[in-house]
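Letter by letter, the chains look like this.
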Amino acid sequence: FIGGRIALEISRESPTLEPAVCFLVNSTGRGDAFKQAALRNGGVTLCSGFGRKFVGFSKNLVITSDPAEALAGAAVILCATKRGANKNVSELLAAHAPPNATVLLFQNGLDAPSDFHVLSGFSIFQVVTTFNVVRAQDKAAMFVLTSPTPKLTLGKDAETAAEAAAPGITRLLRKAGFTVKVVDSIAFARAQRGKLIVNLFNAPNALSGLCTGHSLLSPGLMRLVAESAAEAIKVLDAAGLGATDRLPSKDTLPNMWGL
């Protein structure tokens, strides 16, 4: 979704520019289905899920399953894989990407750049996202944004490296509708830990088999989520680590749903 919005803004500003954004997808399964759907539809469709729809930016977008084509000459690489794939990602970067590229990891958890310690020359940073994007269906090249206010939090060092590699990328992200917050390293670490606590909702939700809306209406499930978050905050406090100040306190969490 982020790459698509960047491609759309580039196509609006420079309609004659050669393709500037490349999607690297798997050669089998859903990746191939997405590629074939994009070819059939002449591009990728992005929906906000809140009444807005963005269509038609195929001119500045390439979709390929060839890592050499996708990564050769790349200035900024946006990585949105799960962390379990970072070993394979590291190998692809080492084999095909310019060694001075800036890599932004849109991944959950803490200290994801440490997974790439074997690489040299790359500038690798993690980005905290506070929104979700889902594929509409396997047969459609469509992504749907499920959050009304998509936000990105970057450390100052990440912004500096990204701007040096691709001047104007932060401006493009803001113009594309993302709220981009640039913070110091201490605030960024707190934001990461806050997102980690919020993500504790994922496991109970998956185990329940309920959709998100029904999960939010289940007092028992919400009690479990609240207690999990409260316990996580206690663990962070015991380790002398704080989370973002926007989180409820560990004492008020169990009462958020009147439990």
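Below you will find a few notes about this structure. Predicted model only: the values in this text are computed from it and were never measured.

## Focus: the overall build of the chain
Moving on, step 1. When helices and strands are tallied, the chain shows 10 helices and 12 strands.
Moving on, step 2. A buried classification covers 44% of the 259 residues belonging to the chain.
Moving on, step 3. For the chain, the share of sequence-separated contacts (at least 6 apart) that also reach a separation of at least 24 residues comes to 64%.
Moving on, step 4. Accessible surface computed for the chain: about 13800 Å², of which carbon and sulfur atoms make up 56%.

## Considering the sheet that holds strand β8 (residues 128-129)
Moving on, step 1. Taken in spatial order, the 3 strands line up as β8-β11-β12 in an open sheet, and their pairing is mixed. Two strands lie at the open edges of the sheet, namely β8 and β12 (179-183), each paired on one side alone.
Moving on, step 2. In the sheet, strand β11 (residues 151-155) pairs with β12 via 5 bridges, with the strands oriented parallel. Along β12, the bridge assignment pairs L154 with V182.

## Focus: the nonpolar core
Moving on, step 1. Counting 35 residues, the largest nonpolar core has I2, F34, V44, I63, L104, L152 and F178 as its most contacted members.
Moving on, step 2. Those residues in contact with F178 that lie beyond four places of it in its chain are F1, I2, R5, F131, P150, L152 and L173.
Moving on, step 3. In terms of nonpolar packing, the next biggest core, distinct from the first, is built from 15 residues, L71, I77, F116 and L119 among them.

## Notes on the packing of aromatic side chains
Moving on, step 1. Within this structure, the stated rule accounts for 1 aromatic pair.
Moving on, step 2. When the ring of F131 is compared with that of F178, the centres are 5.7 Å apart and the planes differ by 40°; the resulting orientation is tilted. One end of the pair, F131, is in the loop between β8 and β9 (133-135); the other, F178, is in the loop between α6 (169-175) and β12, with 47 residues separating them in the sequence.
Moving on, step 3. Residue classification places F131 among the buried residues on the basis of a relative accessible area of 10%.
Moving on, step 4. Look at F178 and you get buried, because its relative accessible area is 3%.

## Points about the pattern of salt bridges
Moving on, step 1. This structure, assessed with the given rule, holds 2 salt bridges.
Moving on, step 2. Residue R83 pairs with D115 through a salt bridge whose shortest N-O separation is 3.1 Å. With R83 in the loop between β5 (76-79) and α4 (86-96) and D115 in the loop between β6 (102-105) and β7 (123-126), the pair connects residues that are 32 residues apart, well separated along the chain.
Moving on, step 3. Overall, R83 belongs to the partly exposed group, its relative accessible area being 28%.
Moving on, step 4. Judged by relative accessible area, which is 28%, D115 ranks as partly exposed.
Moving on, step 5. K87 serves as the salt-bridge partner of E91, at 2.8 Å between the closest nitrogen and oxygen. Pair noted here: E91 and K87 are both in helix α4, with a separation of 4 residues, about one helical turn.
Moving on, step 6. The exposure class of K87 is exposed, given its relative accessible area of 59%.

Definitions and limits used
Residues numbered from 1 in each chain as written. Predicted model: local features only at pLDDT ≥ 70, side-chain atom pairs only at ≥ 80, totals over all residues. Heavy atoms only, no water. Helix = DSSP H or I, 4+ residues; strand = E, 2+ residues; numbered from the N terminus. Buried < 20%, exposed > 50% of the residue type's maximum accessible area, 1.4 Å probe, protein only. Contact = heavy atoms within 4.5 Å. Areas by Shrake-Rupley, 256 points an atom, 1.4 Å probe, with all protein chains shown as cover. Pairing = 2+ DSSP bridges. Core = buried A, V, L, I, M, F, W, Y, C linked by side-chain atoms within 4.5 Å. Phe/Tyr/Trp six-rings, centres within 6.5 Å; stacked < 30°, edge-to-face > 60°. Salt bridge = Lys/Arg side-chain N within 4 Å of Asp/Glu carboxyl O.

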